[in-house]
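Observations on the model geometry
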Protein chains: 2
Amino acid sequence: MVTEREFLDGYDPRAYPAVAVTVDIVTLTIRDGVLHVLLVERGEQPQAGRLALPGGFVREETLDQAALRELAEETGILPRVHLEQLATFGDPGRDPRMRVVSVAYLAFAPHLPDPIVGGDAAAARWTPVEAATGLAFDHDAILAAGLERARAKIEYTPLATAFVGEEFTIAQLRGVYTAVWGEEPHAGNFHRKALSVPGFITDTGATTERGGDRGGPRSKLYRAGDARILHPALLRPAQERR
Amino acid sequence: MVTEREFLDGYDPRAYPAVAVTVDIVTLTIRDGVLHVLLVERGEQPQAGRLALPGGFVREETLDQAALRELAEETGILPRVHLEQLATFGDPGRDPRMRVVSVAYLAFAPHLPDPIVGGDAAAARWTPVEAATGLAFDHDAILAAGLERARAKIEYTPLATAFVGEEFTIAQLRGVYTAVWGEEPHAGNFHRKALSVPGFITDTGATTERGGDRGGPRSKLYRAGDARILHPALLRPAQERR
DNA sequence: CCATGTCCTTCTCGATCTGAGATTAACTCG
DNA sequence: CGAGTTAATCTCAGATCGAGAAGGACATGG
């Protein structure tokens, strides 16, 4: 096997072309029913002023720890964030200065206060994903991969609950699917399925204090269950094929 | 953003701790109804004599190209191989000598001749996945991730066809699911679903020359269709939950 | 060449799930 | 109080599923 053998034969790390390993994070949340992604504004050339995904160098830590640390540095402490590895982007030339291999992460966050601008970013803000185009480097592609992963993953995992608070209504949960899919599931059928999938949501016995802003009864409050996967899955409506 | 800014400020690549980027490949095939993985025998210390996944350094190429090149070097030219990125493993200490970040790939191959031992590996062989334990470094974990990905992916994509020849019978296709899942789907229901899922398989009009080795009628031959995803999916039987 | 067993393919049938819409009742707002 | 909104439940026809069975076509061993 190449890797270890070459290392063994008195391999000198400095003799090889330098490769940098970074993490970039697609952090998604929902604000006012619209899916938003956390972006930072680049303060330096190249691509100064352009928006980019937050990220940075991997230090003496695991990749997961690097992603968590960068996220905390950009936005302050993040409670109840789901973080998972997305994919790795390493085309030569994706960064004009040297070979940079970036391990992309995907984070799902409940509604958070505006990010506290960390030490490195010139500015950080939540941006509707529809408006998040023209990002620096290949971050458009990374974001697209993150969105597709998110859209697929809420089908068969309970990760939609990571977008809402600890207690939530079924309507709020439906709002997550609407925002992520860009399409509203049938309310009655969604209700039936959310309740029938084992381990998805559990009844707290409590209800909201008020009805909806424009009327309607108080709704029951639920908590996330302990299921890791949803069976049967909540499939997207009108999945166009081919 | 950290990455580019630090690079910008007169970043010297050699000033940072060296990181090596490699690819490791989980190559799966089916032989005699049993799922096999391609392993190489390490010829050098450490872990000499241990089995490991084939892989090696990333050169001036994309990550995908690196995986394809390494695979070709280990096994000769591979026709009709499906290759996809699996996950990236980068824990400090996963290689005792230096920081190695490995981008793992997953390959699905039809029945192939025994691998041509490439220049680097001491030996290369197909090993039943059940027997592939105690691999070097963290390759047990990489293999486990690959197997889980494969088991999930044949549910909702037509990738099972990557394990069989260009023309195949429904029974052969069912054999793929049996080998990957370790459980045999109901033959009649599998037949019905395979035919009813749009774009999964297309009839060639031909049949096999002979019946099965132990009897039975000749079976019709099919080719892979053009669907990228299977809808509805072919779900695993008896998916134990919780 | 016949008996036996294999197994591809199709069919049956009840149980379950799904999508689309309707209904009821609780609630807010003006 | 009246009108509009919405959570929660119900209805129902069509699709899908799991499990089993039936019908042939075929190989093998006497």
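In short, a report on the structure. Quantities reported herein were computed from a predicted structural model and do not represent experimental measurements.

The subject of this paragraph is the pattern of salt bridges. Residues and elements named next belong to chain A. Using the criterion set out here, one finds 28 salt bridges over all chains in the structure. Arg125 is the partner of Glu41 in a salt bridge, and the nearest nitrogen-oxygen pair spans 3.6 Å. Here Glu41 is found in strand 2 (residues 34–41), whereas its partner Arg125 is found in strand 7 (residues 123–128), with 84 residues between them in sequence. A relative accessible area of 25% means that Glu41 is categorised as partly exposed. The exposure class assigned to Arg125 is partly exposed, which follows from its relative accessible area of 38%. Put simply, Arg149 and Glu84 hold a salt bridge, and the shortest N to O gap is 2.9 Å. Of this pair, Arg149 sits in helix 3 (residues 139–156) while Glu84 sits in strand 5 (residues 82–89), and the two are 65 residues apart along the sequence. Among the residues examined, Glu84 registers a relative accessible area of 10% and is labelled buried. Bridged by salt links that share partners, the residues Glu61, Arg69, Glu70 and Glu73 form one connected network.

Right, let's get into the sheet that holds strand 9 (residues 201–207) of chain B. Residue and element names in this part refer to chain B. Strand order in the open sheet formed by three strands is 8-10-9, and the pairing between neighbours is antiparallel. For this open sheet the edge positions go to strand 8 (167–168) and strand 9, each flanked by a neighbour on one side alone. One ladder, built from two bridges, connects strand 8 with strand 10 (residues 220–224); its direction is antiparallel. Directly across from Phe168, in strand 10, lies its bridge partner Tyr222.

As a further point, take helix 2 (residues 63–75) of chain A. With 13 residues, helix 2 of chain A should reach 18 Å at 1.5 Å per residue; the first-to-last C-alpha distance of 18 Å fits that figure. If you check which residues of helix 2 of chain A are buried, you get Leu63(A), Ala66(A), Ala67(A), Arg69(A), Glu70(A), Leu71(A), Glu74(A) and Thr75(A).

The environment of DNA strand C is formed by 24 residues, the closest being His186(A), Arg192(A), Arg174(B), Gly216(B) and Lys220(B). In DNA strand C, the atoms that sit within 4 Å of the protein are 63% sugar and phosphate, with bases accounting for the remainder. Taking Arg192(A), its side chain carries an N or O atom lying 2.8 Å from a base nitrogen of DNA strand C. Measuring from a sugar or linking oxygen of DNA strand C, one finds a backbone N or O atom of Gly215(A) at 3.3 Å. Of all elements in the fold, only helix 5 (187–196) of chain A together with helix 4 (170–181) and helix 5 (187–196) of chain B reach the threshold of two or more residues within the surface near DNA strand C. For the surface near DNA strand C, the element with the highest residue contribution is helix 5 of chain B, accounting for four residues.

Attention shifts here to the packing of helix 4 of chain B against helix 5 of chain B. Two quantities define a packed helix pair, namely the angle between the axes and the distance from one axis to the other. All names here are of chain B. Where helix 4 contacts helix 5, the axes come no closer than 10 Å and their chain directions differ by 105 degrees. Taken together, the axis directions place helix 4 and helix 5 in an arrangement best described as roughly perpendicular. Contact with helix 4, carried on its side by Ile170, Leu173, Arg174 and Tyr177, involves Ala187, Phe190, His191 and Leu195 of helix 5 and no other residues of that element. Split into classes, the residues belonging to the contact of helix 4 with helix 5 amount to six nonpolar, one polar and one charged.

Turning our eyes to something else, we now look at the pairing of strand 10 (residues 220–224) of chain A. Across four bridges, strand 9 (residues 201–207) of chain A lies against strand 10 of chain A in antiparallel orientation. Opposite Thr207(A), over in strand 10 of chain A, you have Lys220(A) as the bridge partner.

The final tally for this structure, using the stated rule, is six aromatic pairs over all chains. An angle of 65 degrees between the planes, with centres 4.9 Å apart, marks the rings of Tyr177(B) and Trp181(B) as edge-to-face. Placement of the pair is Tyr177(B) and Trp181(B) together in helix 4, with a separation of four residues, close to one helical turn. Assessed through its relative accessible area of 0%, Tyr177(B) is described here as buried. An aromatic cluster of three or more residues is present, and its members are Tyr177(A), Trp181(A) and Phe190(A).

Each value, and the rule that gives it
Residues numbered from 1 in each chain as written. Chains lettered and ligands numbered in written order. Predicted model: local features only at pLDDT ≥ 70, side-chain atom pairs only at ≥ 80, totals over all residues. Heavy atoms only, no water. Salt bridge = Lys/Arg side-chain N within 4 Å of Asp/Glu carboxyl O. Helix = DSSP H or I, 4+ residues; strand = E, 2+ residues; numbered from the N terminus. Buried < 20%, exposed > 50% of the residue type's maximum accessible area, 1.4 Å probe, protein only. Pairing = 2+ DSSP bridges. Expected span 1.5 Å × (residues − 1). Near = heavy atom within 4 Å. Polar contact = N/O pair within 3.5 Å; in protein donor to acceptor, adjacent residues only side chain to side chain. Axes fitted to C-alpha atoms, helices over the stretch in contact; angles between N-to-C directions. Parallel < 35°, antiparallel > 145°, perpendicular 65-115°, else oblique. Contact = heavy atoms within 4.5 Å. Nonpolar A, V, L, I, M, F, W, Y, C, P; charged D, E, K, R; others polar. Phe/Tyr/Trp six-rings, centres within 6.5 Å; stacked < 30°, edge-to-face > 60°.

Nothing here speaks to function; it is all geometry.
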